[in-house]
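# Geometric and topological summary
Listed below, chain by chain, are the residues.
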Amino acid sequence: MGKSQHKMYGFDVKQRFGSESDKFLLGADFKHEIYENNREKFSRGLTTKAASGSWNYNNYSVYGQYDKKLSDATSVILSAREDIAKYEEKTYHEFLPQAQIITKVDAENAVYASVGKSFRMPNFRNLYYSSGMIIPNPDLSPEKGINYEVGYKFETEGARLNIAAFRTEVKDQIISVNVTGMSNTSTPVNVSEFKNTGVEINYNRNLDKHFSYNLGAIFSNPQRRYAAGQEWSDALGRYQLSGSVNYSNRDLEAALNVSYWGSRVMNGTKTVGATKQITVTEINKPLVVSNLHLGYKLQKNVKLTFDVDNLFDRKDIGNVDTSSSQYYTQGRTFLVGMNYSF
């Protein structure tokens with residue numbers, strides 16, 4: 001049957017300098033990824049290139065940041081990043097500026113606003129991974145977007161609160177859709193546009209030196225359209241509630257995370273005349289995502305980890321764009337690992 005492998009190498013160098021009122025950061029990084037897919041080819045419409053082989057991806061970046069203190073209360077942060085991404089015969093250049101302004105009301109309260117561009121390459125799984133239920137798409141384009149945010153921060157010893165209103169706009173968003181004429185088979189595609197406007201709330205509290213918890217909520221209106229000029233369609237879910245309980249001491253760490261997704265819809269596609277359009281199907285069941293993480297430091301540089309995904313072993317309908325037999329999440333999974341740092 002064979003298997004697929006994904007390896008990554010790289011480096012990141014940066015230098016900080018400046019004064020109390022003018023701070024600078026300059027840096028560069030490089031990432032090289034190798035993906036090998038030696039799985040058996042599937043015959044349902046897959047090309048030889050998409051089914052098996054070896055591919056390389058290189059990402060070169062230079063970045064900088066300027067932090068200017070305008071007064072005792074207000075600072076402005078200007079940053080920029082130039083990304084060069086190369087895979088196969090394709091090369092993408094993207095300049096990513098960002099600006100943020102922060103004003104402290106007092107020692108514990110602050111308000112801020114930010115705007116910045118985003119850029120995300122398709123991953124190897126979307127480009128080249130194939131199976132009996134997945135057809136890859138080597139012609140995917142990267143996502144490009146812009147993000148706006150205004151918010152309020154409260155921080156005191158042991159507690160942090162953040163309330164933010166946001167707006168996200170993405171071109172060429174990558175989603176998975178059902179393949180016409182192939183039941184239970186999906187493929188990733190670029191859709192014309194995605195947008196989302198909403199409010200996000202996060203609260204963190206340290207109970208003592210060992211225990212802490214986090215509560216969060218997102219209320220938003222995500223929408224997308226398959227092609228320019230088409231009507232906007234609802235997507236994903238309108239609200240998400242999340243919480244976590246954390247414990248740590250010198251050698252042991254533990255975390256339980258739970259997320260609840262409600263008021264959700266699922267997108268698919270249909271062909272009307274010569275064009276494809278997005279369909280919307282309401283999901284009448286929430287999605288509950290749970291994870292348990294345990295870590296124990298065996299030595300100074302060696303940590304043993306144990307993770308359980310879908311801790312409550314729920315069979316929920318996921319926000320996926322395939323046929324009904326593919327809606328359900330995987331069962332409870334266990335992962336044991338050992339991390340070594342140097």
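Residues numbered from 1 in each chain as written. Predicted model: local features only at pLDDT ≥ 70, side-chain atom pairs only at ≥ 80, totals over all residues. Heavy atoms only, no water.

### So, the pairing of strand β17 (residues 302–309)
Bridge analysis of strand β16 (residues 287–299) against β17 gives eight bridges, and the strand direction is antiparallel. The residue bridging L294 from the neighbouring strand is F306, located in β17. Where β17 lies against strand β18 (residues 333–340), eight bridges are found, and the strand directions are antiparallel. Counterpart to T305 in the pairing with β18 is G337. (Pairing = 2+ DSSP bridges. Helix = DSSP H or I, 4+ residues; strand = E, 2+ residues; numbered from the N terminus.)

### A short note on the confidence of the model for the protein chain
In the predicted model, the protein chain carries a mean pLDDT of 86, and the fraction of residues at 70 or more is 89%. Confidence over residues 41–50 falls short of pLDDT 50; this stretch has 25 contacts with residues more than four positions distant or in other chains. Contacts for the low-pLDDT stretch residues 321–327, under 50 throughout, to residues beyond four places or in other chains number 22 contacts. (pLDDT = per-residue confidence, 0-100. Contact = heavy atoms within 4.5 Å.)

### Observations regarding unusual backbone geometry
The phi torsion at S263 lies on the positive side, around 50°, for a residue other than glycine. Relative to the assigned elements, S263 resides in strand β14 (residues 252–272). The partly exposed category is assigned to S263, whose relative accessible area is 43%. Backbone geometry places N310, a non-glycine residue, at a positive phi of 55°. Residue placement: N310 occurs in the loop between β17 and β18. (Buried < 20%, exposed > 50% of the residue type's maximum accessible area, 1.4 Å probe, protein only.)

### Notes on the side chain of H32
Here H32 shows up in strand β2 (residues 22–37). Residues in contact with H32, not counting those within four places in the same chain, are K7, M8, Y9, N56, Y57 and N58.

### So, the packing of aromatic side chains
Aromatic ring pairs: the centre-centre distance and the angle between the two ring planes describe each pair. In total, this model carries 15 aromatic pairs according to the counting rule given. With 6.3 Å between their ring centres and 25° between their planes, Y87 and Y92 make a pair best called stacked. Put simply, the rings of Y35, W55, Y57, F124 and Y128 touch in pairs and so form one group of aromatic residues. Between the NZ or CZ atom of K153 and the centre of the ring of Y112, over which it lies, the distance is 5.1 Å. The lysine or arginine in question, K195, covers the ring of W232, its NZ or CZ lying 4.3 Å from the ring centre. (Phe/Tyr/Trp six-rings, centres within 6.5 Å; stacked < 30°, edge-to-face > 60°. Lys NZ or Arg CZ within 6 Å of the ring centre and 35° of its normal.)

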